[in-house]
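Now for the letters of each chain:
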Amino acid sequence: MKVILTCPRTPRLYSTGLENLTLSIAKELAKLGVRAEIYTTSPKPENSTMEGIEVKEFPAWAPNESYYLSIPLFLALRKSDADIVQLNGYNNLVSFFGIFAKKAGQKLVFYPCSSGANSVPARIFRKVFDSIIYLFSPKIDFVMFLGEDEKKMYKKIFRGTQSEIIYPGVNPEEVKKSRAKPEKYRLLCAGRLVKNKGYSNLIPAFAKVAEKKSGAKLVIVGDGPERENLAGLAKSLGAEKNIIFRGGLGRKEYVKELERAGVFILLLGFRNVSTVVMEALAMGLPVITTADSVPEFIEKKYVVGIRDPENKEETASVILEVLENPGKFATKNPKILTWGQSAKKHLEIYRKILSEK
C-alpha cells in the first residue's frame, strides 16, 4: 500500500502543528509496512528524507504565507501511483487542488485540522471552499476529525461522508517526564505568527502579568508574517525584556522549551484541538486556551478556559493564577494517543476504504 500525505508547508522547516502531525503519522505508518511519502511546498524546494520518509517539496505561490498554491504539486499528485492520498489541513490550496487531483481507482482521505480564517479575504475564501467541498464531497472517501466540535462544524459540509474522530497524537519519547525543573513563571506559546492565533490579545495581557511579576517570561515559538508587528507591540508596552520570540525551532529544541515551561497557553481565534496543546497536556503542563477553541476539553476540565481573550485584565488574571498554582490546574489530563496508535487507526481506515468498491 502506498500513501501520499500532503501538508501546506514542509516539515523540514517547521516542527510543530500540522507539519509535525503529517511527519509523525507518516513515520509510524512506515513502521506498519506502508509506503508513505509527504508532498508539500517550500520557498526553496529541496527533496529530502526525514527519518526514513521521503519528503517531496514543490514551489508554491503563498500570499501572506497562508494558501500555498502549487501547480507542480497538483501535477505530481495526478501522476502519482498512490493507492491513497490523505489531504491534511482544511483551508489551504494544497487540499483544495488535491481534491481535483484524485485519479480513478484512488482513495481520498481528508484530515481537516481546521485553522480558521484570519482576514476578510480568508473568510471569503473559506465560504467558497466550504461550498466546493460540499459539491465535491462524493470524491472524498473518508474524513478524520480532530475532535467532537470539529465534527459538528463540518458534518453538513461533508454530507454524510464516512468519518471518525482521531485526536492528535504525541511521541512518548518526547513527552516523557524529564528531570529538568520547570521555571515557575515561564509561559510557553507555540504556533504560526498569524492573526487568528491570538497573539495580539496575549501580549498585552502578559504585559500586565509582567508588571506584577517582573521575572515572568513569555516564550513564543513560531514564525510568520505578524512577527515584526508583534515584536513592536511588545516593545510599545514595555514588555520586550519579558517576551522572547524564539522563531521556528527543531523538535529537540521545542521539547526543551516544553520542559522549561511552567504553563502552556494558546489563545486561538477558532475551534481546534491542537497538536501543541496535546503535547503540553502529555507533559503534564497546565494549559490555558480560549473557552471556545476546545469546548469538549473545557467541559472535562482538561484545560483552563478564558471566556473573553480580548479582556486583557481577565486574561492576565487567569494567567497569573495558573502560574502561581500550576499543580492545581494540571491534575486531570485526557487519554492521549501516541502517534503509533494514531497510525494504527489510520491503517484500519485505509484498509476499510480500499476494500470498498
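As a reminder, the structure under discussion sits directly above these lines.
Residues numbered from 1 in each chain as written. Predicted model: local features only at pLDDT ≥ 70, side-chain atom pairs only at ≥ 80, totals over all residues. Heavy atoms only, no water.

By size, the foremost hydrophobic cluster in this structure holds 87 residues, and its most contacted members are Leu 218, Ile 243, Tyr 254, Phe 264, Ile 288 and Tyr 350. Filtering out sequence-adjacent residues up to four positions away, Ile 243 remains in contact with Ile 203, Phe 206, Leu 218, Ile 220 and Ala 234. In this structure, Ile 4, Ala 76, Leu 77 and Phe 145 belong to the second largest nonpolar core, which totals 29 residues. (Core = buried A, V, L, I, M, F, W, Y, C linked by side-chain atoms within 4.5 Å. Buried < 20%, exposed > 50% of the residue type's maximum accessible area, 1.4 Å probe, protein only. Contact = heavy atoms within 4.5 Å.)

All right, on to the pattern of salt bridges then. According to the stated counting rule, one finds 24 salt bridges in the structure shown. When the shortest N-O distance is used, the salt bridge between Glu 356 and Lys 352 registers 3.0 Å. Overall, Glu 356 belongs to the partly exposed group, its relative accessible area being 31%. Salt bridges sharing common partners tie together Lys 2, Glu 37, Glu 54, Lys 56 and Asp 81. (Salt bridge = Lys/Arg side-chain N within 4 Å of Asp/Glu carboxyl O.)

So, on to the sheet that holds strand S14 (residues 304-306). A sheet is described by the order of its strands in space; here six strands give the open sequence S11-S10-S9-S12-S13-S14, paired in parallel fashion. Taken across any chain shown, the strands that pair with only one partner, and hence form the sheet edges, are strand S11 (243-247) and S14. Along the sheet, successive strands turn relative to each other by an average axial angle of 25°, direction set aside. Bridge count between strand S13 (residues 287-290) and S14: three bridges; the pairing is parallel. Paired with Thr 289 across the bridge in S14 is Gly 305. Packed on one face of the sheet, helix H7 (residues 199-212) meets strand S9 (186-190), strand S10 (217-221), S11 and strand S12 (263-266) and runs near 160° to S10. The sheet strands contacting helix H10 (residues 275-282) are S9, S12 and S13, and the helix crosses S12 at an angle near 165°. (Pairing = 2+ DSSP bridges. Helix = DSSP H or I, 4+ residues; strand = E, 2+ residues; numbered from the N terminus. Axes fitted to C-alpha atoms, helices over the stretch in contact; angles between N-to-C directions.)

Glancing now at the pairing of S12. Residues Val 263 and Ile 265 line one face of S12 and the alternating positions Phe 264 and Leu 266 line the opposite face, and both faces are buried. In this structure, S12 lies alongside S13, joined through three bridges in parallel fashion. When the sheet's bridge partners are listed, Leu 266 is paired in S13 with Thr 289.

With that settled, consider helix H3 (residues 93-100). Among the eight residues in H3, six count as buried, and that is most of the element. Here H3 has its buried residues at Leu 93, Val 94, Ser 95, Phe 96, Gly 98 and Ile 99.

On to the packing of helix H9 (residues 251-260) against H10, then. Running from amino to carboxyl end, H9 crosses H10 at an angle of 55°, the nearest separation of the two axes being 11 Å. In this view, H9 runs oblique relative to H10, as classed from their interaxial angle. Pair H9 / H10 crosses with right-handed handedness. Residue-level inspection shows Arg 251, Tyr 254 and Leu 258 of H9 in contact with H10, the latter providing Val 276, Glu 279 and Ala 280. The class makeup of the residues in the contact of H9 with H10 is four nonpolar, no polar and two charged. (Parallel < 35°, antiparallel > 145°, perpendicular 65-115°, else oblique. Left-handed = near helix turned anticlockwise from the far one by under 90°. Nonpolar A, V, L, I, M, F, W, Y, C, P; charged D, E, K, R; others polar.)

A contiguous nonpolar patch, built from Tyr 134, Leu 135 and Phe 136 and spanning about 290 Å² of accessible area, is present on the exposed surface. Note that Phe 136 resides in helix H4 (residues 120-136). (Patch = residues over 30% accessible without salt bridge, like charges linked within 9 Å, V, L, I, M, F, W, Y side chains within 5 Å. Areas by Shrake-Rupley, 256 points an atom, 1.4 Å probe, with all protein chains shown as cover.)

Before going further, it helps to spend a moment on the side chain of Arg 186. Within the fold, Arg 186 resides in strand S9. In terms of polar contacts, Arg 186 uses its side chain to reach the side chain of Glu 257, at 3.3 Å. Discounting residues that sit within four places of it in the chain, Arg 186 has contacts with Lys 217, Val 219, Glu 257, Arg 260, Ala 261, Gly 262, Val 263 and Leu 323. (Polar contact = N/O pair within 3.5 Å; in protein donor to acceptor, adjacent residues only side chain to side chain.)

This brings us to the packing of H7 against helix H8 (residues 227-236). Remark: H7 packs on H8, axes separated minimally by 10 Å, with the N-to-C direction vectors making an angle of 20°. Taken as axis vectors, H7 and H8 run roughly parallel relative to one another. Of the two possible hands of crossing, H7 and H8 adopt the one that is right-handed. In this structure, H7 contributes Tyr 199, Ser 200, Ile 203 and Pro 204 to the contact, and H8 contributes Leu 230, Leu 233 and Ala 234. Here the residues of the contact of H7 with H8 sort into six nonpolar, one polar and no charged.

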